[in-house]
Amino acid sequence: MNLHYIYDPLCGWCYGAKPLVQAAQAVLPVIAHGGGMMTGANRQTVSPQLRNYVMPHDRRIAEFTGQPFGEAYFEGLLRDETAVFDSAPPIAAVLAAEQIAGRGLELLGRLQSAHYLEGRRIADEAVLLELANAIGLEPQIFQSAYKEVDTDRHIKESRALLANVGGQGFPTFALEQNGQFTLIDIGPWLGKPEAFAAWLSQSLPAQAPAAEFQACGLDGCIH
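Residues numbered from 1 in each chain as written. Predicted model: local features only at pLDDT ≥ 70, side-chain atom pairs only at ≥ 80, totals over all residues. Heavy atoms only, no water.

Looking at an unreviewed UniProt entry, one finds the protein chain named DsbA family protein and attributed to Pseudomonas nunensis.

Below, the structure written as structure tokens:
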């Protein structure tokens, strides 16, 4: 039995679900799939309009999930009009960490904190290399893997999986058992990682309770 986690590193609800992912890893294998929400034409440069759009959503995510958002993010990164929000580089970093050390989810969690707490530019290669090194990944090995991963192919496969399991956006969680997928609605568990882990440990009901949050879509939700 595996839990598939379809995410984007620039999705605020995915950051809100970070404690659920960590709790689930103690129960069963969790496989991460980067969806590439902000890639290609959907990459965005930070602007006042972007800041004004995401801030109320981020504050709601913080209230709903208990996840902290830092002033360095609100008053630093979201005011830095030279910064670019691009999902592809951090997804490549997660893939590289998973490939060389099985630590993709660990690096993803560090990248999310760097973005939403510390206001770091996680689309910048130098920042990605620094953060990978900070969790103990050997710099040259990581950099080589980072440059060689096929991020475009991974994103296409992630989106195909998203469609296959019936997900509507990011984050999407689906339990796989004997080749069959069951979509999990995490709305009732946001902010309750211990309860989520306990629920996963039991037999999964045919239908999870209705969600109280709206997942990020494929091409524009970055809060």
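**A word on the packing of helix H6 (residues 104-116) against helix H7 (residues 125-134)**
This is how it is decided: Note on method: axes are straight lines fitted to C-alpha atoms, helices fitted across the in-contact stretch only, with angles between N-to-C directions ranging 0 to 180 degrees. Under the scheme used here, helices are H or I runs from DSSP no shorter than 4 residues and strands are E runs no shorter than 2 residues, and both carry numbers assigned from the N terminus. Between 65 and 115 degrees an angle is taken as roughly perpendicular, under 35 as roughly parallel, over 145 as roughly antiparallel, and anywhere else as oblique. Crossings are assigned a handedness: left-handed for a near helix turned anticlockwise from the far helix by less than a right angle, right-handed for a clockwise turn. The criterion used for residue contact is that any of the two residues' heavy atoms lie within 4.5 Å. When residues are grouped by polarity, Ala, Val, Leu, Ile, Met, Phe, Trp, Tyr, Cys and Pro land in nonpolar, Asp, Glu, Lys and Arg in charged, and all others, Gly among them, in polar.
For the pair H6 and H7, interaxial distance at closest approach is 10 Å and the crossing angle is 125°. Regarding the angle of H6 to H7, the classification is oblique. The handedness of the crossing between H6 and H7 is right-handed. Along its contact with H6, which presents Leu107, Arg110, Leu111 and Ala114, the element H7 presents Leu128, Leu131 and Ala132. Considering only residue class, the contact of H6 with H7 consists of 6 nonpolar, no polar and 1 charged.

**Quick word on the pattern of salt bridges**
Filter applied, for reference: A pairing counts as a salt bridge when a side-chain nitrogen of Lys or Arg comes within 4 Å of a carboxyl oxygen of Asp or Glu. In this scheme, a residue with accessible area under 20% of its type's maximum is buried, one over 50% is exposed, and one in between is partly exposed, where area comes from a 1.4 Å probe on protein chains only.
A complete count under the given rule lists 11 salt bridges for this structure. Salt-bridge contacts for arginine 120 lead to glutamate 118; the nearest nitrogen and oxygen are separated by 4.0 Å. Look at arginine 120 and you get partly exposed, because its relative accessible area is 21%. A salt bridge links arginine 120 to glutamate 130; the shortest N-O distance between them is 2.9 Å. Placement of arginine 120 in the loop between H6 and H7 and of glutamate 130 in helix H7 is noted, with a sequence separation of 10 residues between them. By relative accessible area, glutamate 130 is classed as partly exposed at 43%. Counted as one network, the salt bridges with shared partners bring together Arg110, Glu118, Arg120 and Glu130.

**Topic: the packing of aromatic side chains**
Using the following cut-off: For this analysis, a ring pair means two rings from Phe, Tyr or Trp (six-membered ring only for Trp) whose centres lie within 6.5 Å, classed as stacked if their planes differ by under 30 degrees, edge-to-face if by over 60, and tilted for the remaining angles. Any Lys NZ or Arg CZ that is within 6 Å of a ring centre and within 35 degrees of that ring's normal is treated as a charge sitting over the ring.
Counted by the stated rule, this structure contains 15 aromatic pairs. Judged by centre distance (6.1 Å) and plane angle (20°), the ring pair of phenylalanine 69 and phenylalanine 74 falls under stacked. With respect to burial, phenylalanine 69 and phenylalanine 74 carry one shared label: buried. By way of ring pairs, the aromatic residues Tyr5, Tyr7, Phe173, Trp189, Phe196 and Trp199 are connected into one cluster. Geometry around phenylalanine 64 places arginine 60 over its ring, the cationic atom sitting 5.8 Å from the centre.

**Details of helix H8 (residues 139-148)**
So the rule is basically this: Read the arc as the range of directions from the helix axis to the C-beta atoms.
For H8, the full list of buried residues reads Phe142, Ala145 and Tyr146. The arc that holds the buried residues of H8, viewed along the axis, is 105°, so those residues lie on one side. Away from the buried face of H8 by more than 90 degrees, exposed residues Gln140, Lys147 and Glu148 are located.

**Comments concerning the side chain of lysine 18**
As a reminder of what qualifies: For the purpose of charge, His is not counted, nor are the chain termini; Lys and Arg are scored as positive and Asp and Glu as negative. Under the rule applied, a polar contact is a pair of N or O atoms within 3.5 Å (in protein, one hydrogen donor and one hydrogen acceptor; residues adjacent in sequence only if both atoms are side-chain atoms).
Tracing the backbone through its elements, the reader meets lysine 18 in helix H2 (residues 18-25). There is no salt bridge for the buried lysine 18, and the closest opposite charge comes from glutamate 118, which lies 8.4 Å off by N-O distance. Within the local environment of lysine 18, its side chain forms a polar contact with the side chain of serine 113, the two groups lying 2.6 Å apart. Once residues lying within four places of it in the same chain are set aside, the contact partners of lysine 18 are Gln67, Gly109, Gln112 and Ser113.

**Here's the deal with helix H10 (residues 193-201)**
Every buried residue belonging to H10 is among Pro193, Phe196, Ala197, Trp199 and Leu200, and all of these are buried. End-on, the buried residues of H10 take up no more than an arc of 160°, which puts them together on one face. Every exposed residue of H10 that faces more than 90 degrees away from the buried side is listed here: Glu194 and Ser201.

**Quick look at the pairing of strand E1 (residues 2-7)**
We apply this condition: Whether two strands pair depends on DSSP finding at least two bridges between them.
Across the 6 residues that make up E1, a large majority, 5, are buried. Two strands pair when backbone bridges link them, and E1 and strand E5 (residues 172-177) are joined in this way by 5 bridges, in the antiparallel orientation. Bridge pairing in E5 links tyrosine 5 to phenylalanine 173. Alignment of E1 against strand E2 (residues 30-34), held across 5 bridges, turns out to be parallel.

**Comments concerning the packing of helix H5 (residues 88-101) against H8**
Relative orientation of the contacting elements H5 and H8 amounts to 120°, with a least axis distance of 8 Å. Overall, the two elements H5 and H8 adopt an arrangement that is oblique. The element H5 and its partner H8 pack so that their crossing is right-handed. For the pair H5 and H8, the contacting residues are Pro89, Ala92, Ala93, Ala96, Ala97, Gln99 and Ile100 in the first and Ile141, Phe142, Ala145 and Tyr146 in the second.

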